[in-house]
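# Fold and contact review
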Amino acid sequence: MRALIYPIRRAYILLRTEVFALPSRAVVFLFSLALLLLPLYSTDPYVLRIVIMTCVFAIFAASWDLLAGYTGQVNFGHALFFGIGAYASSLLNYHFQLSPWITIPIGAISAMLGGILVGIPCLRLRGSYLSLATLAFPLILIGLLFAFPGFSGGELGISGIQRLFTYPVHNYYAAVILMLVLCFAMWKIGDSNTGLIFHAIREDEVAARASGINTKRYKLLAFGLSGLFAGIAGAFFAHFIRIAGPSTLEVALSFQAVIWGIFGGVATIYGPVVAVFILYPLTEAVAVFPALREYRLLILAIVVLLVLLFMPQGLTPWLRNKIETVCRRCKNRNVFWRRECRVCGTELH
Amino acid sequence: MRRRMRAVLVAVSAAAALMVTTTQAAEKPIKIGIIGPMAFVQGENHWAGAELARDEINKAGGIKVGSQKHPIEIVKVDSNEIQSVPDATNAMERALTQDKVDFVIGGFRTEAVLAMQDVAMDYKKIFLGVGAAHEQLGLRVQQNYDRYKYWFRIAPIKSGDLGKVLFAGLGAIAAQIRNDLGKPVPKVAIVAEKAVWVESIVKAAQDNLPKMKMEVVGVWQPSPVATDVTAELSAIRRAGADLVFTAISGPVGIVMGRQMGELQIPAIPFGINVEAQKEGFWQATAGKGNYVSTLDTYGEGVEITPQTLPFVNAFKKRFGKPPTYTASTYDAMYALRAAVETAGTIDADKLVPVLEKTDLVGAAGRLVFDKLHDPVFGPGYVTGLAVQWQDGKKVAFWPNNWNGVTYKGVQTFKIPPQMMQKKN
Amino acid sequence: MFQDILITGLVNGGVYALLAVGFSLIFGVARIVNIAHTAFYMLAAYLVYAFLNIAGLPLLVSVILAVGLVTALSMVCYKLVIEPVREYESAVLIATIALALIFQESLLLTFGGNFLGSPTLIAGNMDVAGVRVTYQQLLTIVVVALVLAGTWFLLHKTRLGLAIRATANDLEVANLMGMNVGRIAMYTVAISVALAAIAGVVVAPLFVVDPLMWLAPLVTMLAIVVLGGLGSLKGSLIGAFIIAYVEAITVFTVPAGSFLKGAVALSIMVVVLLIRPEGLFGVAFEEER
């Protein structure tokens, strides 16, 4: 009996002190719960498909943030990793009939290697040079894919690949759980010592180097990790829509990642995720109204612009600052109505 | 009293009659999703062709299923496929599960159609393809019949057959060059956009042209979205080509047409140039695309079947411009009507065998499906047309006595005047 | 083949230079990466088309109106959208992407996804060293040369130019010297967009006008400015011709690989960056903080 009560108590305490102590965390927790329970309410395949796509792009956007937001390596060609993941897993599945359970991890690892490979020349670049140079990589890869159509399928891509699961609900859970686990992992990385070094590199690389940090190694690590996560998203995407084509490498997709990341708020991980969960379903919801269908991209662009004008640091930091205050002494966050810090007891206002 | 009784009776029976008729009129419509890139010409034509067919069929009372007549309701599904493939699959899913359509017609960009095909097959819904030419779509029916049997291609003919049409047309033009310019072995430059669908055509051209007494002087493969081909054209001019054999589906086709005209390259452009099939080509090339020729589906004033002219004329009258090949949604709707009326059901599994036996004289030719659910190509079936832009008008010049086929309304091919300087 | 490469590279290089110089200018002065630069170019091309073909205005009027309107619009956009978020570099970036998308979608909705053709400003062609060139292309080269000379004059011989160069050199010091840095940035935006608009006007008749036409030149232009060194006008000019010649050489030597010209140009850019991370004429920024 005790053995059962103990973990429940632990979980309760953890929830009360770590999750429900902060409104932002409570929202994330409740939202995750809602995602997991959604199929009880509706198993409409269209709704499930939209959430699956949203999850895939949420991972993709968050992985961009890990590289661009944390480390400051503002990548304009993030679709490269998505495309490598999609193509690698599709090729393996198509030619060797390997199960998606094997091809998705391999696709992710290929994307990670791609990340490191791209990262090496990017070590020498900074700021806008880096952004504009990275824009080139997916386009060079598209050129290569078209040059070897027998291998890559040219403009058609690789089609007729296997699905992960047959039923929409299974795919739904795979996507949601994958998204929650990976995004939590990325958030944890961002919160860890490594994440701190990433922050330091973005803020002042020279100072970081002067403090004895091997910034090159950490930048490559950021490229690799970001590639890994984006690769998982790409590979899962390919197995879900069952085709990996050149559209997974397009400039538009790379820009999409930048828009989501900055719209949600950089260096947060949850920011881009929130952005995707707002913007992607929004564009689809607009498409449901026939009169607005053709205006959806226009509406999206205007919404992004307006939000940025009022919240130039992105949506989530703005929201978070409204509902939470940072303790001046210990830098811990508190609900805005608290008068003293929940950790060190300093007066807040 | 009696009169009053009668009045009541009349009223009651009238009301009853009214109710019967209203229930009949409110008979559940058959919903057909028209899927395509609605902001672009391809989608516009998908929709226009379908609208025309819907109004004609509904005017005639609708589709007869068993003993009941059902009206048709078409649903506009914007796939946005030119800009985004995921958008296309989402749109297909939305059409099938939210709009609850019974059938889907349309599609254009092959990468997107392959993905959409899978979604439609998941729901075992009949998907009539109008727009994508790639053979892969039909091969899937052969490889996995049980899954992909719900797919049928209405238009265009598959890319391999397009190749056959090309060589027939090329032969006709080469004959004219030999005749008018006194060149026994015309030189051909192959300009194919870099894409998978052109590969078999380019290879066949390199193999067949020497046998057809033509010389291949080179192969140029620009990107389908290249915005400038002056470099390619300079090289082609230097190679002394008489014919430019094109296999182009992207906007580079317009650039080709325009820059060839502006630079007055002394060569005849012929082949597949999808942009040159569109009415807007003349405007898009600012009139410089004169003499550009391409394969096509419909031509103004060309009577492929008795159905063609009424369709083309009605289309032009209603929408102000002639149809392009994605307007074959029109034929698709009629094929569907025929199958549903024969089968007496809208159940997809029961419709597939009936659709397989389709033999319909449509506006683009006689539609019969082969084993891959592709339209059968050949004399007496669907042949396609070859057209040339002549002073702002698209004029059909082929088939002219090809295997005994000559369509009423075909005219002669014109050799560009700058070619005449090359006369030996 | 040699003269083919020479002439083709010259013509295309001129067009690229016009776009790249404008983009580089605004980056150099205000550190704005204006993704919407080629969207303004597209807008100008559409306006000329609309004035000529739909409104039926005379050629010269259409051209002047198009360039003027686009330049005015750029100042409005700067005031409304860019200036409020100037201090957040990432917000500026995404704002310009959003602007480009808004232009694209508005044009798509107004004109449809059709490809449109602007009439040639001067019809006809001639042979230069055995290579056929249209008058329109020659006109483009002349315009490019004039505009670039004008820009040079403006930057080096006028007070405004002096202010712009001072701001580009050191924004803070220029501010301390009493220059209205915000206004100078706006003027620079206007000059830079005017260059893009002129490019759109002279180039539109060479190419095809469509709502996605801003993407391809955007990538080429970015490659050029990175290759030449961000913010360096000389670098952009030379970079434009390097990329144009690389593309021409690709097409003429490997005809079956002419689709690769974009990829080859981008690879050249990456190679240059590997050797010189700040581009050919960029300022070294190794210890810049």
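Small disclaimer: the values here were computed from a predicted structure and weren't measured.

Quick notes on the rules
Residues numbered from 1 in each chain as written. Chains lettered and ligands numbered in written order. Predicted model: local features only at pLDDT ≥ 70, side-chain atom pairs only at ≥ 80, totals over all residues. Helix = DSSP H or I, 4+ residues; strand = E, 2+ residues; numbered from the N terminus. Rg over C-alpha atoms; globule rule 2.2 N^0.38 Å. Buried ≥ 20, exposed ≤ 12 C-beta atoms within 10 Å, placed from the backbone. Contact = placed C-beta atoms within 7 Å. Nonpolar A, V, L, I, M, F, W, Y, C, P; charged D, E, K, R; others polar. pLDDT = per-residue confidence, 0-100. Expected span 1.5 Å × (residues − 1). Pairing = 2+ DSSP bridges. Domains from an automatic or database assignment. Axes fitted to C-alpha atoms, helices over the stretch in contact; angles between N-to-C directions. Parallel < 35°, antiparallel > 145°, perpendicular 65-115°, else oblique. Core = buried A, V, L, I, M, F, W, Y, C linked by C-beta atoms within 7 Å.

### Points about the overall build of chain A
- The helix and strand tally for chain A stands at 15 helices and 4 strands.
- Since a compact globule built from 349 residues should have a radius of gyration of about 20 Å, the 21 Å found for chain A is in line with a globular shape.
- Across its three principal directions, the C-alpha atoms of chain A cover 70 × 55 × 50 Å.
- The buried share of chain A, reckoned over its 349 residues, is 52%.
- Here the analysis covers contacts within chain A between residues at least 6 apart in sequence; of these, 73% occur between residues at least 24 apart.

### Digging into the overall build of chain C
- Helices and strands together make up the secondary structure of chain C, namely 11 helices and 2 strands.
- Secondary structure of chain C in N-to-C order comes out as α-α-α-α-β-β-α-α-α-α-α-α-α.
- A globule of 289 residues ought to have a C-alpha radius of gyration of about 19 Å, and chain C, at 19 Å, matches this closely.
- In terms of principal-axis extent, the alpha carbons of chain C reach across some 55 × 50 × 35 Å.
- Counting every position in chain C, which comprises 289 residues, the buried fraction comes to 60%.

### Some remarks on the interface of chain C and chain B
- Each side of the interface is counted separately: chain C has 31 residues, and chain B has 33 residues.
- Counting residues per element, the ones that place at least two in the side of chain C that touches chain B are α1 (2-30), β2 (131-134) and α10 (233-253) of chain C.
- For the side of chain C that touches chain B, the residue count by class is 15 nonpolar, 13 polar and 3 charged.

### Notes on the confidence of the model for chain C
Residue and element names in this part refer to chain C.
- Per-chain confidence: chain C averages 86 in pLDDT, with 98% of residues scoring 70 or above.
- Mean pLDDT across the secondary structure elements of chain C bottoms out at strand β1 (residues 125-128), with 82, and peaks at helix α3 (residues 59-82), with 93.
- Here the complex is predicted with pTM 0.88, and the ipTM for its interfaces comes to 0.82.

### Quick look at helix α1 (residues 2-19) of chain A
- Its 18 residues place the ends of α1 of chain A 24 Å apart at the C-alpha level, agreeing with the 26 Å of an ideal helix rising 1.5 Å per residue.
- Summarising burial for α1 of chain A: 0 of the 18 residues are buried, a small minority.

### Quick look at the pairing of strand β14 (residues 365-368) of chain B
Residue and element names in this part refer to chain B.
- Bridge analysis of strand β13 (residues 359-362) against β14 gives 4 bridges, and the strand direction is antiparallel. Residue pairing across strands places V361 opposite R366, the latter belonging to β14.
- In textbook terms, the turn of a hairpin is the stretch between consecutive antiparallel strands, and for β13 and β14 this stretch comprises 2 residues.

### Digging into the domain arrangement of chain A
Residue and element names in this part refer to chain A.
- You can read the domains of chain A as domain 1 (40-313) and domain 2 (315-349).
- The straight-line distance from the C-alpha centre of domain 1 to that of domain 2 is 32 Å.
- Of the residues lining the interface, 11 residues belong to domain 1; the matching set on domain 2 comes to 4 residues.
- Listed by contribution, the elements that provide at least two residues to the side of domain 1 that touches domain 2 are α12 (251-264) and α13 (270-288).

### Quick look at the sheet that holds strand β4 (residues 72-78) of chain B
Residue and element names in this part refer to chain B.
- Strand order in the open sheet formed by 5 strands is β4-β1-β5-β6-β7, and the pairing between neighbours is parallel. Whereas interior strands pair on both sides, the edge strands pair on one side only; in this sheet they are β4 and β7 (151-155). Between one strand axis and the next, the sheet turns by 25 degrees as a mean value, whatever way the strands run.
- Its contacts with the sheet place helix α2 (residues 41-59) against β1 (30-36), β4, β5 (103-106) and β6 (126-130), and it is angled at close to 170 degrees to β4.

### What to know about the sheet that holds strand β10 (residues 243-248) of chain B
Residue and element names in this part refer to chain B.
- Ordered by their spatial adjacency, 4 strands build an open sheet running β9-β8-β10-β11, and the pairing between neighbours is parallel. Single-partner strands in this sheet number two, and they are β9 (215-220) and β11 (268-273). The sheet shows a mean angle of 20 degrees between the axes of neighbouring strands, direction not considered.
- In terms of strand pairing, strand β8 (residues 187-192) meets β10 through 5 bridges, oriented parallel. Paired with A192 across the bridge in β10 is A247.

### Some details on the packing of α2 of chain B against helix α14 (residues 329-343) of chain B
All names here are of chain B.
- At a minimum axis distance of 7 Å, the contact between α2 and α14 shows a crossing angle of 40 degrees. By the criterion of interaxial angle, the relationship of α2 to α14 is oblique. Contacts from H46, G49, A50, L52, A53, R54 and I57 in α2 reach T329, Y330, M333, Y334 and R337 in α14.
- Of the residues contributing to the contact of α2 with α14, the split by class is 7 nonpolar, 3 polar and 2 charged.

### Here we look at the pairing of β4 of chain B
All names here are of chain B.
- Of all 7 residues making up β4, 5 are buried, and the element is well covered by its neighbours.
- The pairing of β1 with β4 spans 7 bridges and is parallel. From the neighbouring strand, I30 faces β4, where its bridge partner is I72.

### Brief notes about α3 of chain C
- Compared with the 34 Å implied by 1.5 Å per residue over 24 residues, the 33 Å span of α3 of chain C between its first and last C-alpha is a close match.
- Along α3 of chain C, the positions that sit buried rather than exposed are S62, V63, A66, V67, V70, T71, S74, C77, Y78, V81 and I82 of chain C.
- Summarising the contacts, the buried residues of α3 of chain C are in contact with α14 (296-310) of chain A together with α2 (37-54), α4 (89-111) and α8 (181-203) of chain C.

### Some words on the interface of chain A and chain C
- Contacts between the two partners involve 35 residues from chain A, matched on the other side by 36 residues from chain C.
- For the side of chain A that touches chain C, the elements supplying multiple residues, two or more each, are α6 (127-147), α12 and α14 of chain A.
- Examining the composition of the side of chain A that touches chain C, we find that 11 residues originate from one element, α6 of chain A, more than from any other.

### Some thoughts on the nonpolar core
- With 364 residues, the main nonpolar core has I59 of chain A together with A44, I94 and A197 of chain C as its most contacted residues.
- Looking at this core element by element, the count peaks at 19 residues for helix α3 (residues 45-70) of chain A.
- In this structure I94 of chain C touches V258, I259, I262, F263, V304 and L308 of chain A, once residues within four positions along its chain are discounted.

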